[in-house]
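The chain contents come next:
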Amino acid sequence: MLSIKNLHVSINDKPILKGLTLDINPGEVHAIMGPNGAGKSTLSHVLSGKAGYTVTEGSVSYQGKDLLELAPEIRAREGVFLAFQYPVEIPGVSNIYLLKAALNAMRKYHGLPEVDAMDFLSLVKDKVKLLQMDEKFLYRAVNEGFSGGEKKRNEILQAAVLEPKLCILDETDSGLDIDALRIVAEGVNSLRSPERSFLMITHYQRLLDYIKPDVVHVLAEGRIVKSGGPELALELEEKGYSWLEGQAA
Ligand code: ADP
Ligand code: MG
Ligand code: MG
């Protein structure tokens, strides 16, 4: 699904990622943990194609294609989805309009006709129910005035509607209370399938109680310094990250 090799990324000539290598097979859930400022969001932004990041070395292959060569909107249509750490408010654009436009753009790219209006409504209402959201959120401007937790839930609603192949979740758990965390995790778990992969960035072990990862990685100093099974997350919870310092070398 995704093969990142020796990725080096700079922002304004400042190296942030320094030789990151990561492989994700279809159906796998990988968690990335790591201290603040380690480059976790940088990784998610580079994969989704956000401007302002310079790849100075390395490669990213997604489903056999050179991901870095693709425009951000093409990556999205090819099935790369990013749930933002800080979801953006879009005043004047309703949530349901955005969802429909995004779904139709994706369908068009894959040679499918526009989704039938009634089919879309029932699809989107099913997903709203899955995430235990109020239908009113569909008719509000995207994320405008949403609480932190509501924004995070809304990101997963987008994923549920768009059915991406590679789902990148950047600290989707932060800002969620324990009930919302469980609901969001159920939403994510319902999306798990042998054809879909997840890259879950999180600070907290707690999320991984609900979404069992296949692999846990530690990102520190711009590269993966340790990988292991779910038990690694428990170890990190207990010991923090400092014991891993210097291991990158
Ligand atoms: P994480 O998500 O792991 O907390 P980030 O990827 O957000 O870390 O940031 C990695 C580093 O890059 C941090 O030191 C951060 O200050 C720096 N950084 C991020 N964006 C910019 C920017 N636009 N200009 C300069 N430095 C940045
Ligand atoms: Mg952070
Ligand atoms: Mg971050």
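Just so we're clear, the structure is a prediction, and the values are computed from it rather than from any experiment. (Residues numbered from 1 in each chain as written. Chains lettered and ligands numbered in written order. Predicted model: local features only at pLDDT ≥ 70, side-chain atom pairs only at ≥ 80, totals over all residues.)

Asks: Would you mind going over the site of ligand 1 in detail, with residue names and values included?
Replies: Taken together, the residues surrounding ligand 1 are Ile11, Asn12, Lys14, Ile16, Gly34, Asn36, Gly37, Ala38, Gly39, Lys40, Ser41 and Thr42. Contributions of two or more residues to the shell around ligand 1 are made by β2 (14-24) and α1 (40-48). Broken down by element, the shell around ligand 1 gets its largest block of residues, three residues, from α1. Taken together, the residues that form the shell around ligand 1 break down as three nonpolar, seven polar and two charged. (Near = placed C-beta within 6 Å. Helix = DSSP H or I, 4+ residues; strand = E, 2+ residues; numbered from the N terminus. Nonpolar A, V, L, I, M, F, W, Y, C, P; charged D, E, K, R; others polar.)

Asks: Quick one: what's the story with the sheet that holds strand β5 (residues 65-66), residue by residue and with numbers?
Replies: Taken together, the four strands give an open sheet; going across it, the order is β2-β1-β4-β5, and neighbouring strands pair in antiparallel fashion. Either end of the sheet is taken by a strand with one partner, and the two such strands are β2 and β5. Both strand β1 (residues 2-11) and β2 contribute to a ladder of eight bridges, which runs antiparallel. The residue bridging leucine 7 from the neighbouring strand is leucine 20, located in β2. Strands in contact with α1 are β1, β2 and β4 (54-62); relative to β2, the strand with the most contacts, it is inclined by about 70°. (Pairing = 2+ DSSP bridges. Contact = placed C-beta atoms within 7 Å. Axes fitted to C-alpha atoms, helices over the stretch in contact; angles between N-to-C directions.)

Asks: Talk me through the nonpolar core; I want residue IDs and the actual numbers.
Replies: If you look at the biggest cluster of nonpolar residues, it comprises 62 residues, and the most contacted ones within it are Phe81, Ile156, Leu166, Ile168 and Met200. The element best represented in this core is helix α6 (residues 148-162), accounting for five residues. Sequence-distant contacts of phenylalanine 81, that is, excluding residues within four places in its chain, are made with Ala76, Ala159, Leu162, Pro164, Leu166, Cys167 and Ile168. (Core = buried A, V, L, I, M, F, W, Y, C linked by C-beta atoms within 7 Å. Buried ≥ 20, exposed ≤ 12 C-beta atoms within 10 Å, placed from the backbone.)

Asks: Can you tell me about the environment of alanine 83, naming the residues and giving the values?
Replies: Secondary-structure assignment places alanine 83 in strand β6 (residues 80-83). You can call alanine 83 buried: it has 25 C-beta atoms within 10 Å. Placed 85 residues apart in sequence, alanine 83 and isoleucine 168 show a C-alpha to C-alpha distance of 6.1 Å.

Asks: How would you summarise the pairing of strand β10 (residues 197-201) if you had to cite specific residues and measurements?
Replies: With five of five residues buried, β10 is to be regarded as a mostly interior element. Burial along β10 is two-sided: the residues Ser197, Leu199 and Ile201 and Phe198 and Met200 are all buried. The sheet contact formed by strand β3 (residues 29-33) and β10 spans four bridges and is parallel. Directly across from isoleucine 32, in β10, lies its bridge partner isoleucine 201. Where strand β9 (residues 166-170) lies against β10, five bridges are found, and the strand directions are parallel. When the bridges of β10 are listed, aspartate 170 appears paired with isoleucine 201. Each parallel crossover has a hand, and for β9 linked through helix α7 (residues 178-191) to β10 it is right-handed. (Right-handed = clockwise from strand over helix to strand, strands pointing away.)

Asks: Describe α6, and please don't skip the residues or the numbers.
Replies: In this model, α6 (15 residues) spans 22 Å end to end at C-alpha, consistent with the 21 Å of a helix rising 1.5 Å per residue. Buried within α6 we find Lys151, Lys152, Arg153, Asn154, Glu155, Ile156, Leu157, Gln158, Ala159, Ala160 and Val161. Close packing links the buried residues of α6 with β6, α3 (95-109), α4 (117-130), α5 (136-139), β9 and α7. After α6 finishes, the residue glutamate 163 shows a positive phi value of roughly 50°. (Expected span 1.5 Å × (residues − 1).)

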